[in-house]
Amino acid sequence: MTKNLKIVSWNVNGLNEKAKRNKITNVLKKKKVDVICIQETHVAKKHKHVLINKYLGMEFINSTVEKKKGVAIYVKEKWEPKMIYKDEDGRILGVQINFQGEKINVVNIYAPNTNRPEFFKKLEQVLIDLADNKMILLGDFNAVPVPEIDRQTENRKRNQGKLPKSFLDLEENLDLIDIWRHLHPTEKQFTFFSEVQYTPNNRPNW
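Please read these numbers as outputs of a predicted model, since none were measured by experiment.

> When you look at the packing of helix α2 (residues 116-129) against helix α4 (residues 165-173) in this model, what are you seeing that I'm missing?
When two helices pack together, their arrangement is given by the angle between their axes and by how far apart the axes lie. Taken N-terminus to C-terminus, the directions of α2 and α4 make an angle of 20 degrees; their axes are 8 Å apart at the nearest point. With respect to their mutual orientation, α2 and α4 come out roughly parallel. For the pair α2 and α4, the crossing hand works out as left-handed. Across the interface between the two elements, R116, P117, F120, K121, L123, E124 and L127 from α2 touch S166, F167, D169, L170 and N173 from α4.

Shown next as structure tokens:
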């Protein structure tokens, strides 16, 4: 029986507190997903053992020496996951899975707020090197492709937070498809909310 691959992407903004890790674990366990992609773990390399969580699956971790950045991927062991790439900056992590006999490369990113053009140029080369299988690119891009529909732009500059040309080049060169936008061409939904006003801000998590 064929099943759909279920994936969650979540910017958790820090996982150093045990109570927060437990709450997030409880939420994710109820989702019953195959792959979990986490951004901004903020867990330093020397403490990365706190991210081991067999309730969520086999863990793959990319941390730095500081309590900044950091990405992680959890995969159910039955999908035979193996790490295929991680950068030195705690921002890119790739894992290959064997889903129902098909190899798929899952790449989780946490893009920077600065030097975005350079980051996406680097990412394109990484993805080209991993292009031997089907690919799923997801994570926190810290920007959106179309601010007019992906952000609340009433009080913002029109192009603020827009993905750079280097990402658009990457998207075209690798034939990437924004699946959510493909399925919802005009709909507005948001994954980030202002903590001050709790108002929808943008859609950085793909």
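Now that the structure has been shown, the text picks up again.
> For this particular structure, what's the right way to read the sheet that holds strand β4 (residues 71-75)?
Either a parallel or an antiparallel arrangement is found when strands of a sheet pair, and the pairing is made through backbone hydrogen bonds. Strand order in the open sheet formed by 4 strands is β1-β2-β4-β3, with mixed pairing between adjacent strands. Either end of the sheet is taken by a strand with one partner, and the two such strands are β1 (7-11) and β3 (58-62). Along the sheet, successive strands turn relative to each other by an average axial angle of 10 degrees, direction set aside. Of the strand pairs in this sheet, strand β2 (residues 35-39) and β4 are connected by 5 bridges, and their pairing is antiparallel.

> Got a minute to help me understand the sheet that holds strand β7 (residues 102-110) in this structure?
If you trace the 4 strands from one edge of the open sheet to the other, you get β5-β6-β7-β8, paired in mixed fashion. Each having just a single partner strand, β5 (82-86) and β8 (134-140) make up the two edges of the open sheet. Taken pair by pair, the neighbouring strands of this sheet meet at an average axis angle of 25 degrees, ignoring direction. Across 8 bridges, the pairing between strand β6 (residues 92-99) and β7 is antiparallel. Paired with I92 across the bridge in β7 is I109. Across the sheet, α2 lies against β5, β6, β7 and β8, angled at about 165 degrees from β7, the strand it touches most.

About the cut-offs
Residues numbered from 1 in each chain as written. Predicted model: local features only at pLDDT ≥ 70, side-chain atom pairs only at ≥ 80, totals over all residues. Heavy atoms only, no water. Axes fitted to C-alpha atoms, helices over the stretch in contact; angles between N-to-C directions. Helix = DSSP H or I, 4+ residues; strand = E, 2+ residues; numbered from the N terminus. Parallel < 35°, antiparallel > 145°, perpendicular 65-115°, else oblique. Left-handed = near helix turned anticlockwise from the far one by under 90°. Contact = heavy atoms within 4.5 Å. Pairing = 2+ DSSP bridges.

So far we have only geometry, and geometry alone does not tell us how the molecule works.
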